[in-house]
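This is what each chain is made of:
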Amino acid sequence: MAFSATIPVYDNSFLLKRLSNGRKDLFRAPFHQAKLVPMRIHATHVEELIPRSQNPSLGRFQFDEYMSSKAEKVNKALDEAVPLKHPQKIHEAMRYSLLAGGKRVRPVLCIASCELVGGDESSAMPMACAMEMIHTMSLIHDDLPCMDNDDLRRGKPTNHKVYGEETAILAGDALLSLAFEHVAARTLNVSPSRIVQALAELGSAVGAAGLVAGQVVDIDSEGKDVSLKELEYIHVHKTAKLLEASVVCGAIMGGGSVIDTERVRKYARCVGLLFQVVDDILDVTKSSAELGKTAGKDLATNKATYPRLMGIDKAKKFAIELVDQAIGEIDCFDASKAAPLYYLANYIANRQN
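What you are looking at is a predicted structure, and each value in this text was computed from that prediction instead of being measured.

A. Up close: the side chain of serine 221. Within the fold, serine 221 resides in helix α10 (residues 211-221). For serine 221, a relative accessible area of 16% translates into the label buried.

Below you can see the structure in the form of structure tokens.
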């Protein structure tokens, strides 16, 4: 698919137009001139592609410790949420993918958003687990032969390779159902009206107006010339919607106002699309061993991606714009409470797998 035939111009991006009023003070340097700052993530040094703000109120925030602590709590809650019981095979399959590792970005976003608006972690934990259950469902189904047909996920054989396609489909279905049940049954100290509001938000993000819509259009677009606007539609729905729901539902559970909820929603939309832009970049710049999944898959299947349509340099610049706008959306909050979301945006931009 020729570059000139698939994208009018980079500036025609409908989301990028909405970013034109974003702050420019944090990230002035072009991507290739960005200062390299070491990040301690999983005991390794990562080349940071987007420079951090020098805001002194954020300088002492221990992001890696925060992520590790939250992820540990989420993992414990997930383990308890899906015990091994009869029929054992389906519960084994559910646990195989759910507890296979991962960065737990969506659950942490949910908890961080809840705490941002003054809520308590415990109020958001069932919803945070639900986000990871649904995300895991989407990965199990996305890896199936009828979808992306992948053999590797998080460095391990995909669910259908271990348990068979039939069980993999059912494991995904079971996780999706459990997600809603878990929120309804386990959420404490949150008003019923807020729980219902959050469940409606979550259902919309997953269904035919969200994740499913993006997946369907993605499948239908394979092998076709896709415009940048169409590509953004795919990824806003397929990837960004669930990240958006994570943040919005966290704010709802935390007792956030309508205004606060809409502010974090705008933040999350930028971060959600950022996640996919970075994913596309990593697909063409990293190995399978580094990613924990099959690298170069999109290129091999002639799939539309941001590097393919925009070129790698413009895709990286677009990532900078998205981080800039995301951080601008949470400027109005207390800096100490907003620090996790600030660093999560940078972490997503600079992740290596």
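Resuming the write-up.
B. Just empty space enclosed by the protein, in detail. Enumeration according to the criterion identifies three cavities of 30 Å³ or more in this entry. In this structure, the largest cavity spans a volume of roughly 110 Å³. Lining of the largest cavity is provided by 13 residues; of these, Tyr96, Ser97, Ala100, Arg153 and Asn159 occupy positions nearest its centre. The element contributing the most residues to the lining of the largest cavity is helix α6 (residues 121-142), with three residues. Of the residues assigned to the lining of the largest cavity, the class counts are five nonpolar, four polar and four charged.

C. Local environment of the side chain of glutamate 121. Structurally, glutamate 121 is set in helix α6. Its relative accessible area of 15% is what places glutamate 121 among the buried residues. Within polar-contact distance, the side chain of glutamate 121 engages the side chain of lysine 73 at 3.5 Å. With near-sequence residues (within four places) excluded, glutamate 121 lies in contact with Lys70, Lys73, Ile111 and Glu115.

D. How the structure looks around the packing of helix α12 (residues 258-285) against helix α16 (residues 312-329). As a packed pair, α12 and α16 sit with axes 8 Å apart at the nearest point and diverge in direction by 155°. The pairing of α12 with α16 is recorded here as roughly antiparallel in orientation. For α12 against α16, the interelement crossing comes out left-handed. Contact residues: Arg263, Lys266, Tyr267, Cys270, Val271, Leu273, Leu274, Val277, Ile281, Val284 and Thr285 in α12; Ile312, Ala315, Lys316, Phe318, Ala319, Leu322, Val323, Gln325, Ala326 and Glu329 in α16. The class makeup of the residues in the contact of α12 with α16 is 15 nonpolar, two polar and four charged.

E. Structural detail: the packing of aromatic side chains. Here the structure, examined in full by the defined rule, presents seven aromatic pairs. Ring geometry for phenylalanine 63 against tyrosine 343: centres 5.9 Å apart, planes inclined by 20°, an arrangement best described as stacked. Taken together, the positions of phenylalanine 63 in helix α3 (residues 63-81) and tyrosine 343 in helix α17 (residues 335-350) put the pair 280 residues apart, joining distant regions of the chain. With a relative accessible area of 8%, tyrosine 343 lands in the buried category. Where phenylalanine 63 meets tyrosine 347, the ring centres are 5.5 Å apart and the plane angle is 50°; that geometry is what we call tilted. In this pair, phenylalanine 63 sits in helix α3 while tyrosine 347 sits in helix α17, placing the two residues 284 residues apart along the sequence. With relative accessibility at 6%, the residue phenylalanine 63 sits in the buried group. Each residue in the set Phe61, Phe63, Tyr66, Tyr342, Tyr343 and Tyr347 is aromatic and connected to the rest through ring pairs, giving one cluster. Across from the ring centre of phenylalanine 275, 5.0 Å away, lies the NZ or CZ of arginine 106, which sits over that ring. Sitting above the plane of the phenylalanine 275 ring, arginine 351 keeps its charged end 3.8 Å from the centroid.

What counts, and at which threshold
- Sequence order as written defines residue numbering, which begins from 1 separately in each chain.
- Two thresholds apply to this predicted model, a pLDDT of at least 70 for residue-level local features and 80 or more for giving and counting side-chain atom pairs, whereas whole-chain, interface and lining totals are computed over all residues.
- With hydrogens and water set aside, each side-chain value is computed from the structure's full complement of heavy atoms.
- In DSSP terms, a helix is any run of H or I states spanning at least four residues, a strand is any run of E spanning at least two, and both are numbered starting from the N terminus.
- Whether a residue is buried, partly exposed or exposed follows from its accessible area with a 1.4 Å probe, protein chains only, as a fraction of its type maximum: under 20%, in between, or over 50%, in that order.
- Definitions used for this entry: grid spacing 1 Å over protein atoms alone; cavity, a set of points where a 1.4 Å probe fits but cannot get out; pocket, an open set with protein on both sides within 12 Å along at least 5 of 7 lines; lining residue, one with an atom within 4 Å of a point.
- Grid points are joined across faces, edges and corners, and a volume is the space filled by probe spheres set on the points.
- Residues are grouped as follows: nonpolar covers Ala, Val, Leu, Ile, Met, Phe, Trp, Tyr, Cys and Pro; charged covers Asp, Glu, Lys and Arg; every other residue, Gly included, is treated as polar.
- Here a polar contact is taken to be a pair of N or O atoms separated by no more than 3.5 Å, where protein atoms must pair a possible hydrogen donor with a possible acceptor and residues adjacent in sequence count only if both atoms sit in side chains.
- Residue contacts follow a heavy-atom distance rule, with two residues in contact if any of their heavy atoms lie within 4.5 Å.
- With axes taken as lines fitted to C-alpha atoms, and helix axes fitted only over the stretch in contact, angles between N-to-C directions fall between 0 and 180 degrees.
- When an angle is under 35 degrees it counts as roughly parallel; over 145 it counts as roughly antiparallel; between 65 and 115 it counts as roughly perpendicular; any other value is oblique.
- By convention the crossing between two helices is left-handed if the near helix lies anticlockwise of the far one by an angle smaller than a right angle, and right-handed if it lies clockwise.
- Each Phe, Tyr or Trp ring (for Trp, its six-membered ring) is paired with any other whose centre lies within 6.5 Å, and the angle between the two planes then decides the class: stacked below 30 degrees, edge-to-face above 60, tilted in between.
- As a reminder, the over-ring test applies to NZ of lysine and CZ of arginine, requiring each to be within 6 Å of the ring centre and within 35 degrees of the ring normal.

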